[in-house]
Amino acid sequence: MYRILPLLEPAEIDRLRAIAADAPFVDGRITNPANTAKQNLQLHDAKIYEQSSSIVRDAMLRSPEFMEFTFATALAPPLLTKYEKGMKYGTHGDAAYLQLPKGTVRSDLSCTVFLNDPDSYEGGALRVWLGEGSMDFKLKPGEAIIYPSNALHEVTEVTKGERLVAISFIQSRVSDPFKRHMLFELGEIAALEGDKMDHENHMKLRFVRESLYRYWSAL
Ligand SMILES: O=C(O)CCC(=O)C(=O)O
Ligand SMILES: [Fe+2]
């Protein structure tokens, strides 16, 4: 399951761009030295990382669409990454677990929040593979794509301009993608159609949904 969501307000996009413009970036392989596929730049300074990640993290946590789709229970602090001309990230699947200073996060879902205008750079799409076919995502500033962390994906080479994004990995209360999808759809039906339903049936629908949620989830 994939989802594109508007996430950031214009003022937040401006702030993140301003932070990125001033901040020192380092070779992305610093957190992943063995990964030769990774050719990008990432933020390094701890204080600036804290400031920028909290803007994106707060936007995720306040977004009902984000929370209803992901069932997030933990998030890797969103990290600003930059791709200049010639940079790319070859095809890979994300690591299952991220060891972070505040604990370990399992990556059930991955998220890219786009920050630069798509017309201001060439290449730099997030390409997600589905068997032989693929889908390219190159979104508007402030929009996020959430995709399964076990889907093979890549960032295509930037041939002009600069790609600036924030990336995060999400641990879901519902690790099984099928169960998460079903709970999401049941929640949507209850929210969108519930008022039109007979009261008793609405209650039964919610009862089934909450019971499955309790049964299928973990904190
Ligand atoms: O920048 C992106 O859109 C994705 C980056 C990525 O795949 C990763 O950091 O694992
Ligand atoms: Fe990745």
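Please refer to the structure higher up on the page.
The structure displayed is predicted, hence computed values, not measured ones.

Asks: It is not clear to me how the coordination of the iron ion (ligand 2) should be interpreted in this structure. Could you clarify?
Replies: Octahedral metals with six donors have ideal donor angles of 90 or 180 degrees. Tetrahedral metals with four donors have an ideal donor angle of 109.5 degrees. Protein coordination of the iron ion (ligand 2) is provided by His92 (NE2), Asp94 (OD) and His153 (NE2), with donor distances spanning 2.1 Å. Between consecutive donor residues of the iron ion (ligand 2), the sequence gaps follow H-x1-D-x58-H. Taken together, the positions of histidine 92 in strand S7 (residues 88–92) and histidine 153 in strand S14 (residues 153–155) put the pair 61 residues apart, joining distant regions of the chain. Exposure class is identical for histidine 92 and histidine 153. Each is buried.

Asks: Got a minute to help me understand the pairing of strand S8 (residues 97–100) in this structure?
Replies: Regular strands have side chains that alternate between both faces of the sheet. Taken together, the four bridges between S8 and strand S9 (residues 103–106) define a ladder with antiparallel strand orientation. Along S9, the bridge assignment pairs tyrosine 97 with arginine 106.

Asks: Even after reading the chapter, I still don't get the side chain of histidine 202, so can you show me in this structure?
Replies: Position of histidine 202 relative to the elements: it lies in helix H5 (residues 199–216). Setting aside anything within four residues of it in sequence, one finds histidine 202 in contact with Ala190, Gly194, Asp195 and Met197.

Asks: Can you help me understand the environment of valine 208 in this one?
Replies: As for its position among the elements, valine 208 is in helix H5. Spatially, the C-alpha atoms of valine 208 and leucine 183 are 9.8 Å apart, while their sequence positions differ by 25 residues.

Asks: Explain the sheet that holds strand S11 (residues 126–130) here, please?
Replies: Pairing between sheet strands relies on hydrogen bonds along the backbone, with the strands arranged either parallel or antiparallel. In space, the five strands of this open sheet follow the order S3-S7-S14-S11-S12, with antiparallel pairing throughout. Looking at the sheet topology across the chains shown, the edges are occupied by strand S3 (38–39) and strand S12 (133–137). In the sheet, S11 pairs with S14 via three bridges, with the strands oriented antiparallel. Bridging from a neighbouring strand, leucine 126 pairs with valine 155 of S14.

Asks: Would you take a moment to explain the side chain of serine 63 for this structure?
Replies: Tracing the sequence through the fold places serine 63 in the loop between helix H2 (46–62) and helix H3 (64–70). When its relative accessible area of 7% is taken as the criterion, serine 63 is described as buried. Within the structure, serine 63 has its side chain in polar contact with the backbone nitrogen of phenylalanine 66 (distance 3.0 Å).

Asks: Looking at this structure, I do not really get the site of ligand 1. What am I missing?
Replies: Taken together, the neighbourhood of ligand 1 is formed by 13 residues, with His92, Asp94, Thr112, His153 and Arg163 sitting nearest. One nitrogen or oxygen atom from the side chain of aspartate 94 is found 2.9 Å from an oxygen atom belonging to ligand 1. Histidine 153 places a side-chain nitrogen or oxygen 3.0 Å from an oxygen atom of ligand 1. Against a free-state accessible area of 290 Å², the protein chains account for coverage of 96% of ligand 1. If you list the elements that add at least two residues to the shell around ligand 1, you get S7, S14 and strand S15 (163–172).

Asks: I tried to follow the packing of helix H4 (residues 177–193) against H5 on my own but got confused; where do I start?
Replies: Following both chains from N to C, one finds H4 and H5 inclined at 155°, their axes separated by 10 Å at the closest point. Judged on the interaxial angle alone, H5 and H4 are roughly antiparallel. The crossing of H4 and H5 is left-handed. Here Lys179, Met182, Leu183, Leu186, Gly187, Ile189 and Ala190 of H4 lie close against H5, whose contacting residues are His202, Leu205, Arg206, Arg209, Leu212, Tyr213 and Trp216. Residues of the contact of H4 with H5, tallied by class, amount to nine nonpolar, two polar and three charged.

Calculation notes
Residues numbered from 1 in each chain as written. Chains lettered and ligands numbered in written order. Predicted model: local features only at pLDDT ≥ 70, side-chain atom pairs only at ≥ 80, totals over all residues. Heavy atoms only, no water. Donors = N, O, S within 2.8 Å, 3.2 Å for Na, K, Ca; no water. Helix = DSSP H or I, 4+ residues; strand = E, 2+ residues; numbered from the N terminus. Buried < 20%, exposed > 50% of the residue type's maximum accessible area, 1.4 Å probe, protein only. Pairing = 2+ DSSP bridges. Contact = heavy atoms within 4.5 Å. Polar contact = N/O pair within 3.5 Å; in protein donor to acceptor, adjacent residues only side chain to side chain. Near = heavy atom within 4 Å. Areas by Shrake-Rupley, 256 points an atom, 1.4 Å probe, with all protein chains shown as cover. Axes fitted to C-alpha atoms, helices over the stretch in contact; angles between N-to-C directions. Parallel < 35°, antiparallel > 145°, perpendicular 65-115°, else oblique. Left-handed = near helix turned anticlockwise from the far one by under 90°. Nonpolar A, V, L, I, M, F, W, Y, C, P; charged D, E, K, R; others polar.

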